[in-house]
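Chain residues, written in single-letter form:
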Amino acid sequence: MKRSALLLLALLAPLSQPLLAQDQVARQLQAQVEAALQDLATQRQAIAAERIPLEKEITERRGEIEQARRVAEIARLKLSDRQALLAELARRQAAFEANRSYLHGQLDTYRANLLAQLHPAANQALGPALDAPSSADSLAERLQLLETGLTEMERALGGQIVPGQASDSSGTLHRGRFLLLGPESYFLSQDGQTVGAAPASSQARARLYPLGTPAAEIASLLDGASVELPVDFSGGRSHEAASLSLSFSELVQQGGLWVWPILALALLASLAALVKFVQVGRLRQPPPAWTQQLLDALGQGHLTQAESLARSTNHPAGSVLLATFPHAAENPEAAEETIYEHLLRVQQRLQSWLPFIAVTAAATPLIGLLGTVSGIIRTFGLLTIYGTGDPKPLAGGISEALVTTLFGLVVAIPALILHSLLSRRVQGILQTTERLGLAFVNGLRTRPQP
């Protein structure tokens, strides 16, 4: 047994030596692998630390490459393409400038409207906040006007008391305090004697309008008491409209040279109409039996009685028929011709001055229109000098030019009415005279001959 065991050990001894060598090699390889993994982890940490700067540098290099590529593309463009690009850029710049100018213009308009709506006392209190901006002011500086306007609106709605100056109807300047309540304002002078309403206007100083309210109530209101006061919803325009009424002399002065011919024609036409009214108003139509009475007196041979009867009537028919008496007995045809002859004379006498009244009615509107055209030409001549910035001078000039048309129509319409009335009255008198004359001639023809 011992020999067998020894023999087995002798056989296995050469085989155990390679196994021991392989185990040692495996431990060496494992140590190398662990060392390699540790080195790999160290390299990864180093790469991760260098990655962010590298990526940033890569991004910068890409931007530089893109810019260089864009420059290269622009350099490769043709001249026409460059001009088109420059034109597009110029168009965009012009659009930006137009928008900027539009905004500046809107803000300037807002400033003007704000100044027009603000009360003069509030305008004085704001001071340089509403000064006209210069062209060099930025848009942000101009936008401060909006904040000023909103602030002033809040103050006006809530009510504020500001010092200021106001002039009364006589032009006397008073210092005092204003109470601003929205569009309405009330003024009380320092001496407590002058009160009134002072609506907002574009004038440098407020103009007072009468309130019909005692000064004590205005003083109480300024001190914070509760009082009832009248409100002018027109903003003072009703008072201004009432003050626009002009007297006759002022209208004549505004009308100028062309008013005087119209007034002269009006005076002459009035005198002529007055004379004609007196003339035709004195005439009375004869009674119905008057013609028969004349025929009876002539038939009985009472010529003196017939003449007295003809002269007793206050009508042209009396003088016309009186002229026929010498021919009445023997020749009715001659009497008829005499009637027509004297009838023409009566017509001429009754219609005298009537054509002048008709000419006055037709000519005065034309003279007024001539004065209006002359005034408008003069107004447009002033516009060439002063421009159209303010429409008030234009409106004032046109209103003055229209004064002559006003006078022309004022004279023409009554003259036309007077001419119509007088013409109808004269025509009625002539028809009555002709009718009585024909009745007289027919009576002569039908009476029995002696």
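Residues numbered from 1 in each chain as written. Predicted model: local features only at pLDDT ≥ 70, side-chain atom pairs only at ≥ 80, totals over all residues. Heavy atoms only, no water.

### Overview of the overall build of the chain
For step 1, the next point in the chain: Looking only at helices and strands, the chain has 16 helices and 5 strands in total.
For step 2, the next point in the chain: The proportion of buried residues among the 450 residues of the chain is 28%.
For step 3, the next point in the chain: Here the contacts in the chain between residues at least 6 apart in sequence split such that 63% fall between residues at least 24 apart.
For step 4, the next point in the chain: Accessible surface, the chain as shown: approximately 29,700 Å² in total, 61% of it carbon and sulfur. (Helix = DSSP H or I, 4+ residues; strand = E, 2+ residues; numbered from the N terminus. Buried < 20%, exposed > 50% of the residue type's maximum accessible area, 1.4 Å probe, protein only. Contact = heavy atoms within 4.5 Å. Areas by Shrake-Rupley, 256 points an atom, 1.4 Å probe, with all protein chains shown as cover.)

### Observations regarding the environment of Ala-266
For step 1, the next point in the chain: Mapped onto the fold, Ala-266 is located in helix α9 (residues 259–281).
For step 2, the next point in the chain: C-alpha separation for the pair Ala-266 and Val-410, spaced 144 residues apart in sequence, amounts to 9.3 Å.

### Comments concerning the pattern of salt bridges
For step 1, the next point in the chain: Under the counting rule described, the total for this entry stands at 8 salt bridges.
For step 2, the next point in the chain: A salt bridge links Glu-88 to Arg-91, with the shortest nitrogen-to-oxygen separation between them at 2.6 Å. Of this pair, Glu-88 and Arg-91 both sit in helix α2 (residues 79–117), separated by 3 residues, roughly a single helical turn.
For step 3, the next point in the chain: Relative accessible area serves as the criterion here: at 29%, Glu-88 is assigned to the partly exposed category.
For step 4, the next point in the chain: On the accessibility criterion, Arg-91 (49% relative accessible area) is partly exposed.
For step 5, the next point in the chain: Between Glu-88 and Arg-92 there is a salt bridge, with its nearest N and O atoms 3.3 Å apart. (Salt bridge = Lys/Arg side-chain N within 4 Å of Asp/Glu carboxyl O.)

### A few points about the nonpolar core
For step 1, the next point in the chain: Grouped together as the largest cluster of nonpolar side chains are 33 residues, with contacts concentrated most on Leu-294, Phe-325, Leu-350, Ile-357 and Phe-440.
For step 2, the next point in the chain: Where this core is concerned, the elements lending two or more residues are α9, α10 (290–299), α11 (303–312), α12 (316–322), α13 (325–328), α14 (332–350), α15 (354–386) and α16 (391–446).
For step 3, the next point in the chain: Top contributing element to this core by residue count: α16, with 9 residues.
For step 4, the next point in the chain: Setting aside anything within four residues of it in sequence, one finds Ile-357 in contact with Ala-269, Ala-272, Ala-273, Ala-415, His-419 and Leu-422.
For step 5, the next point in the chain: Residues Leu-251, Ile-262, Ile-367 and Phe-407 belong to the second largest nonpolar core, which totals 9 residues. (Core = buried A, V, L, I, M, F, W, Y, C linked by side-chain atoms within 4.5 Å.)

### Things to note about the side chain of Thr-404
For step 1, the next point in the chain: Within the secondary structure layout, Thr-404 lies in helix α16.
For step 2, the next point in the chain: At a separation of 2.8 Å, a polar atom in the side chain of Thr-404 contacts the main-chain carbonyl oxygen of Gly-368. (Polar contact = N/O pair within 3.5 Å; in protein donor to acceptor, adjacent residues only side chain to side chain.)

### Comments concerning the packing of aromatic side chains
For step 1, the next point in the chain: Evaluated as defined, the whole model comprises 2 aromatic pairs.
For step 2, the next point in the chain: When the centroid spacing of 6.1 Å and the interplanar angle of 45° are considered together, the rings of Phe-325 and Phe-440 count as tilted. Of the two residues, Phe-325 is situated in helix α13 and Phe-440 in helix α16; the sequence distance between them amounts to 115 residues.
For step 3, the next point in the chain: We classify Phe-440 as buried; its relative accessible area is 0%. (Phe/Tyr/Trp six-rings, centres within 6.5 Å; stacked < 30°, edge-to-face > 60°.)

### With respect to α14
For step 1, the next point in the chain: In this model, α14 (19 residues) spans 26 Å end to end at C-alpha, consistent with the 27 Å of a helix rising 1.5 Å per residue.
For step 2, the next point in the chain: The complete set of buried residues in α14 reads Pro-332, Ala-335, Glu-336, Thr-338, Ile-339, Leu-343, Val-346 and Leu-350. Looking straight down α14, one finds its buried side chains confined to an arc of 160°; they lie on one side. In this structure, α14 carries Glu-337, Leu-344 and Gln-348 as exposed residues pointing more than 90 degrees from its buried face. (Expected span 1.5 Å × (residues − 1). Arc of directions from axis to C-beta.)

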